[in-house]
Amino acid sequence: MDLAVFGAPDGGLVLGEGPFESLSAPPLEGVAFYRNDFALSSPSPWFVPRRVRRLAPGESLDVVSGEFPVISWEEPEVDPFAEVFGEVSHAIRGGLIEKSVPVMKAKGLCSSGTCRQLLQVLSSGKESLRPYGWIDGDAGIAGLSPELLFRLDGGMLHTMALAGTARREEREAFGVDEKEIREHEFVAQTLLAKLSDLGVTTRHPRVVLDLDHLVHFHSGIDVELAHPESVDRLVRLLHPTPALGPLPRTEDTMALLLDWRSRLGCPPWFGAPFGLWQDGLFEALVSIRMVAWHGEEVEIPSGCGVIEESRLVNEWRELRLKRESVRRLFDL
């Protein structure tokens, strides 16, 4: 059975069961899931399920069965990343970009059980993490995202800047780390510039968000919209977030990023928007902290923001930290 899962704000889950009807725009009423790739290449990214169920917090997904997967992992080699990192750094020094976000992945092979069972982890109620999942035949994704792309509720838009990463035990030093603060401010100021034409913006103070074994900088941003805005326009305006996209974001810098992602084997769904439409209300998550699979092949991708101050060894460590956090979240 094809499935879509989206975490509700109260900790419950909205479950859509297929087959799905794909549409080019959201329906006038009812529920639809929004799923697109990172390049936003799909002309019909809205999926209306045959049946919708709402699960209470902690209620297990009885629509997935089988044994939990046993996966043997292979860590990536550093050489491909080092080559791309060098190209990103060269582009920064040449004034073409200020920042970009290459992505690496660990590969795994499922020797027993089924990856569909990973969706059971989505009902575990991890604080500050929003679950999402999609199963399409023998392929799928399951994730616990800390990042909201945006929520559209009437005339208010809510979003966030989330950037900068460290281990939880490094929290005190992280809070005053100039490189991490600058990376976060890149993201926050770029978001504010994008949103300023939409209405009155309010940025909340930068805080340290504690997410299991990692910490990040977080700044909430609210916009009182001057005029009604379509979901599709807002998705294209806000995706990719400055935390996952290039700065500045132009056709040329996006083409560079897509090429780097492709060369490093990044799954097309990583960092893409994944959303839920419910009778005019819409929320979209940024698809990070994910496990992706196709048949017995499994992947955990992770990205890092490269700016002028970035150093290869530090970014390589951050990529590994993020993948390790996903393995812990999914008990892998």
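In this text, all values refer to a predicted model and were calculated from it rather than measured experimentally. (Residues numbered from 1 in each chain as written. Predicted model: local features only at pLDDT ≥ 70, side-chain atom pairs only at ≥ 80, totals over all residues. Heavy atoms only, no water.)

> Mind showing me how you'd approach the overall build of the chain here?
Counting secondary structure elements, the chain contains six helices and 19 strands. For a compact globule of 332 residues, the expected C-alpha radius of gyration is about 20 Å, and the chain comes in at 19 Å, within 12% of that figure. Counting only C-alpha atoms and orienting by the principal axes, one finds that the chain spans roughly 50 × 50 × 35 Å. Here the chain holds 332 residues, and the buried ones make up 55% of them. Across the chain, the fraction of contacts at a sequence separation of at least 24, relative to all contacts at a separation of at least 6, is 72%. For the chain, the accessible area works out to roughly 14200 Å², and carbon and sulfur atoms hold 50% of it. (Helix = DSSP H or I, 4+ residues; strand = E, 2+ residues; numbered from the N terminus. Rg over C-alpha atoms; globule rule 2.2 N^0.38 Å. Buried < 20%, exposed > 50% of the residue type's maximum accessible area, 1.4 Å probe, protein only. Contact = heavy atoms within 4.5 Å. Areas by Shrake-Rupley, 256 points an atom, 1.4 Å probe, with all protein chains shown as cover.)

> Which parts of the structure should I look at to understand the layout of surface pockets?
In this approach, a probe sized like a water molecule rolls over the atoms, and the result shows the empty space that is left. Computed from the structure, the largest pocket encloses a volume of approximately 320 Å³. For the lining of the largest pocket, the leading source of residues is helix α6 (residues 312-329), giving five residues. For the lining of the largest pocket, a count of residues per class yields four nonpolar, three polar and ten charged. Lining the second largest pocket are 19 residues, with Arg130, Pro146, Leu148, Met160 and His218 sitting closest to its centre. For the lining of the second largest pocket, the elements supplying multiple residues, two or more each, are β11 (148-153), β12 (156-167), β15 (214-225) and β17 (281-286). (1 Å grid on protein atoms, 1.4 Å probe; cavity = no way out; pocket = protein on both sides within 12 Å on 5 of 7 lines; lining within 4 Å. Points joined across faces, edges and corners; volume = space filled by probe spheres on them. Nonpolar A, V, L, I, M, F, W, Y, C, P; charged D, E, K, R; others polar.)

> Whenever I open this one, the packing of aromatic side chains confuses me. Can you help?
What characterises a pair of aromatic rings is the spacing of the ring centres plus the angle enclosed by the ring planes. For the structure shown, the criterion picks out 15 aromatic pairs. Ring plane angle 85° and centroid distance 6.3 Å describe the contact between Tyr34 and Phe282, whose orientation is recorded as edge-to-face. Within this pair, whereas Tyr34 is found in strand β4 (residues 31-35), its partner Phe282 is found in strand β17, the two being separated by 248 residues in sequence. Look at Phe282 and you get buried, because its relative accessible area is 1%. Centre to centre, the rings of Phe81 and Phe85 are 6.0 Å apart; their planes meet at 40°, and the pair counts as tilted. With Phe81 and Phe85 both in helix α1 (residues 78-93) and four residues apart, this pair spans about one turn of that helix. Each of the two residues, Phe81 as well as Phe85, counts as buried. Geometry around Trp269 places Arg35 over its ring, the cationic atom sitting 3.6 Å from the centre. Lying across the ring of Phe217, Arg206 places its NZ or CZ 5.4 Å from the centre. (Phe/Tyr/Trp six-rings, centres within 6.5 Å; stacked < 30°, edge-to-face > 60°. Lys NZ or Arg CZ within 6 Å of the ring centre and 35° of its normal.)

> Just to check I follow, could you spell out the packing of α1 against α6 for this structure?
Axis angle and axis distance: for two packed helices, these are the angle between their axes and the distance between the axes, and together they describe the pair. Viewed as axis vectors pointing N to C, α1 and α6 meet at an angle of 125°, and their least axial separation amounts to 11 Å. Compared by their axis directions, α1 and α6 come out oblique. Relative to α6, the crossing made by α1 is right-handed. Every residue of α6 that contacts α1 at Val78, Phe81, Ala82 and Phe85 is listed here: Leu312, Glu315, Trp316 and Leu319. The class makeup of the residues in the contact of α1 with α6 is seven nonpolar, no polar and one charged. (Axes fitted to C-alpha atoms, helices over the stretch in contact; angles between N-to-C directions. Parallel < 35°, antiparallel > 145°, perpendicular 65-115°, else oblique. Left-handed = near helix turned anticlockwise from the far one by under 90°.)

> Quick question: what am I supposed to make of empty space enclosed by the protein here?
Tallying each qualifying case throughout the model produces two cavities of 30 Å³ or more. Lining the largest cavity are 23 residues, and of these Leu244, Ile288, Arg289, Gly303 and Lys322 sit closest to its centre. Every element with two or more residues in the lining of the largest cavity is listed here: β12, β19 (297-303) and α6. No other element matches the four residues that β12 contributes to the lining of the largest cavity. For the lining of the largest cavity, a count of residues per class yields twelve nonpolar, six polar and five charged.

> What is the right way to look at α1 in this model?
Think of an α-helix as turning once every 3.6 residues; residues three or four places apart then point the same way. Over its 16 residues, α1 extends 22 Å from the first C-alpha to the last, a length consistent with the 22 Å expected when each residue adds 1.5 Å. Taken as a whole, α1 has its buried residues at Phe81, Val84, Phe85, Val88, Ser89, Ala91 and Ile92. Relative to the axis of α1, the buried residues are bounded by an arc of 155° and lie together on one face. In α1, the exposed residues that point more than 90 degrees away from the buried face are Asp79, His90 and Arg93. Where α1 is buried, its residues touch β8 (103-112), α5 (251-263) and α6. Just beyond α1, the residue with positive phi is Gly95, at close to 80°. (Expected span 1.5 Å × (residues − 1). Arc of directions from axis to C-beta.)

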